[in-house]
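# A look at the structure
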Amino acid sequence: MTIATINLDPDRTTGEIDRRIFSGFLEHLGRAIYEGVYDPGNALSDECGFRRDVLDAMRPMRMPYVRYPGGNFVSDYDWKDGIGPVGERPVRADFAWQTTEPNTFGTDEFVDWCRTVGTEPMLAVNLGTGTARAAAELVEYSNHPSGTHWSDLRRANGHADPHGVKLWCLGNEMDGPWQAGHVPAQEYALRAEQAGKLMKGVDPTIETIIAGSSGNHMPEYMEWDRVALEYTWDHVDYISAHRYSRNERDDTPWFLAEGVEIERIIEDYRSLLGYVRAVKKSSKRVYLSFDEWNVWYRARGGDFSHGNWDRAPHLIEEEYNLEDALVIAQYLNAFIRNADVVKIACLAQIVNVIAPVLTRKDGLLFQSIYHPIVRYAELASGISLTPVVDGPVYTAGERGETPVLDVSAAYDGATGKATAFVVNRDPSQSVRVTINISGRSVSGAGDGWLLTGDDPKAQNSWDAPKAVVPSTCGVAVEDGAARLEMPPMSVMVAALGTVAG
Ligand code: AHR
């Protein structure tokens with residue numbers, strides 16, 4: 001057992017945690033929509049065709065926004081195919097996933113689904129094969145009250161009230177050669193600027209997100225982002241980052257240090273945003289929308305990504321294990337710690353496709369990654385405290401000596417409640433952790449929340465749905481500090497009451 005100390009100080013904060021970091025992403029891909037959120041005729045679905053078990057699974061994740069309809073799908077999507085009488089909608093060949101798209105679920109169904117869950121829609125527009133005009137028309141259809149062609153069409157389609165969509169993604173991963181309509185950065189910047197201006201012309205209250213690099217492995221990483229940001233700076237609110245973590249080398253110690261890389265990416269964007277702000281001599285700020293993130297490497301390429309022109313094929317249905325759940329917790333820790341930069345983050349995705357829940361006709365399975373997401377979403381609010389950690393390191397394969405603990409913390413000044421989110425990344429060491437809060441005494445700690453296990457590859461399955469589930473653990477209070485014992489490969493969430501002194 002090694003020893004670590006986490007020092008927190010209510011005056012050392014990166015600011016208010018933006019709850020939008022708990023958002024999600026839903027794409028027309030595989031069984032995400034059809035057989036996922038939408039399954040008309042199934043005994044588990046409601047009168048709108050929405051799967052009730054999926055709705056119930058979504059609510060504890062408290063997603064403030066869900067991004068839709070893609071992803072790669074959006075870059076050749078005509079949103080007009082997905083509105084109006086269902087029987088008259090065209091069936092299309094989807095370029096991105098080689099799937100047959102029936103269009104029986106479109107913008108209006110998505111917004112209805114959001115309202116049923118209790119989340120807000122975040123829409124992406126097609127800047128691959130689509131036009132700035134079509135993007136602005138979607139804003140008009142969605143947000144204009146009435147009295148224009150597109151708003152009246154929405155009303156005729158059964159939605160008298162505007163959808164009130166606040167967040168808009170200007171295309172998706174346009175730096176990727178796989179993307180429909182992929183162009184060089186300068187060309188994308190022009191498209192984004194033109195579309196964004198028209199869209200804000202229709203509704204000046206919306207916020208827009210330009211498509212940053214699709215990952216830090218891309219040859220133009222940061223350079224693409226710089227070009228796009230410099231051109232659009234005055235008219236845009238966020239830039240997107242995407243990352244899918246991979247453990248193809250099957251090296252658990254190395255993979256569990258993934259948080260170091262996630263932090264690095266946020267740092268890269270922090271620097272770039274500061275640089276562009278400086279060269280523009282601008283007083284405005286642009287923030288980061290980390291709008292695709294997850295673990296994804298097993299179900300990739302070949303038959304995993306090619307639907308053979310089927311409807312709702314089984315595509316990229318990644319199965320998650322314990323080590324993946326610990327990486328998920330590190331993403332969330334990084335978003336919380338960097339509250340001043342990361343304002344939006346979308347788990348990619350939410351159902352069946354690289355998702356925390358899987359469905360089959362007669363039921364739903366909670367994957368390992370579901371559990372930390374729910375617990376963090378429940379407790380991470382207030383301000384983000386900057387943790388100062390004094391603790392051991394471990395050897396994370398090629399990543400070298402890495403701090404064993406990955407930590408974030410939330411604090412509510414009004415109630416004095418502090419919550420620590422702690423990952424022990426080391427596969428073999430337990431750690432005895434002391435948490436001090438400067439100027440405060442820990443007055444009470446309920447049970448800690450713990451997700452751990454001996455086998456990093458343990459996963460839930462239809463036959464064993466509870467192989468990876470959280471348990472409670474003791475959190476002691478001694479001399480005004482909290483004390484916890486963290487097993488190897490664990491994530492713990494400790495909610496602490498504090499009083500002055
Ligand atoms: O989430 C799956 C895919 O990953 C998305 O369609 C794309 O944006 C990313 O490459």
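### Section: the sheet that holds strand β11 (residues 287–295)
- Read once around its circumference, the closed barrel built from eight strands follows the order β3-β4-β7-β8-β9-β10-β11-β12, with strand pairing classed as parallel. Within the sheet, the average angular offset between the axes of one strand and its neighbour, ignoring direction, is 30°.
- With two bridges connecting them, strand β3 (residues 23–25) and strand β4 (residues 65–68) associate as parallel partners. Across the sheet, the residue bridging to Phe25 is Arg67, located in β4.
- Seen against the sheet, helix α5 (residues 185–202) touches β7 (120–125), β8 (167–170) and β9 (207–210) and runs at an angle of roughly 155° to β8.

### Some thoughts on the environment of Ile33
- Of note, Ile33 is situated in the loop between β3 and α1 (52–58).
- Separated by 73 residues in sequence, Ile33 and Gly106 have C-alpha atoms that sit 9.9 Å apart.
- Excluding its chain neighbours within four sequence positions, the residues that come into contact with Ile33 are Leu26, Glu27, His28, Tyr38, Tyr68 and Phe105.

### Here we look at helix α2 (residues 107–117)
- The buried count for α2 comes to eight of 11 residues, which makes it a mostly enclosed element.
- Thr107, Asp108, Glu109, Phe110, Val111, Trp113, Cys114 and Val117 are the residues of α2 that are buried.
- Once α2 ends, the next one or two residues include Gly118, with phi positive near 100°.

### Remarks on the nonpolar core
- In terms of nonpolar packing, the biggest core is built from 165 residues, with Trp113, Tyr188 and Phe290 touching the most fellow members.
- There are two domains that each give this core at least three residues, and those are domain 1 (2–10 + 384–500) and domain 2 (18–380).
- Residue contacts for Trp113: discarding those within four places in its chain leaves Val37, Phe50, Leu55, Met58, Val66, Phe105, Thr119 and Ile350.

### Considerations on helix α4 (residues 149–156)
- Every buried residue of α4 is listed here: Trp150, Ser151 and Arg154. The arc that holds the buried residues of α4, viewed along the axis, is 100°, so those residues lie on one side. Turned more than 90 degrees away from the buried face of α4, the exposed residues are His149 and Ala156.
- Just beyond α4, the residue with positive phi is Gly158, at close to 100°.

### Here we look at the pattern of salt bridges
- Counted under the stated rule, the structure contains 36 salt bridges.
- When the shortest N-O distance is used, the salt bridge between Asp39 and Lys361 registers 3.1 Å. You can see Asp39 sitting in the loop between β3 and α1 and its partner Lys361 sitting in the loop between β13 (357–360) and β14 (363–366), a full 322 residues away along the chain.
- The buried category is assigned to Asp39, whose relative accessible area is 6%.

### Observations regarding the pairing of strand β20 (residues 417–424)
- When you tally the buried positions in β20, you get seven out of eight residues, the bulk of the element.
- Sheet analysis places strand β19 (residues 405–412) next to β20, joined by eight bridges and oriented antiparallel. Looking at the pairing, Asp406 lines up with Val423 of β20.
- Between β19 and the antiparallel strand that follows it, β20, lie four residues; Gly416 among them carries a positive phi value of about 75°.
- Pairing of β20 with strand β27 (residues 490–500), which is carried by seven bridges, proceeds in the antiparallel orientation.

Criteria and thresholds
Residues numbered from 1 in each chain as written. Predicted model: local features only at pLDDT ≥ 70, side-chain atom pairs only at ≥ 80, totals over all residues. Heavy atoms only, no water. Pairing = 2+ DSSP bridges. Helix = DSSP H or I, 4+ residues; strand = E, 2+ residues; numbered from the N terminus. Axes fitted to C-alpha atoms, helices over the stretch in contact; angles between N-to-C directions. Contact = heavy atoms within 4.5 Å. Buried < 20%, exposed > 50% of the residue type's maximum accessible area, 1.4 Å probe, protein only. Core = buried A, V, L, I, M, F, W, Y, C linked by side-chain atoms within 4.5 Å. Domains from an automatic or database assignment. Arc of directions from axis to C-beta. Salt bridge = Lys/Arg side-chain N within 4 Å of Asp/Glu carboxyl O.

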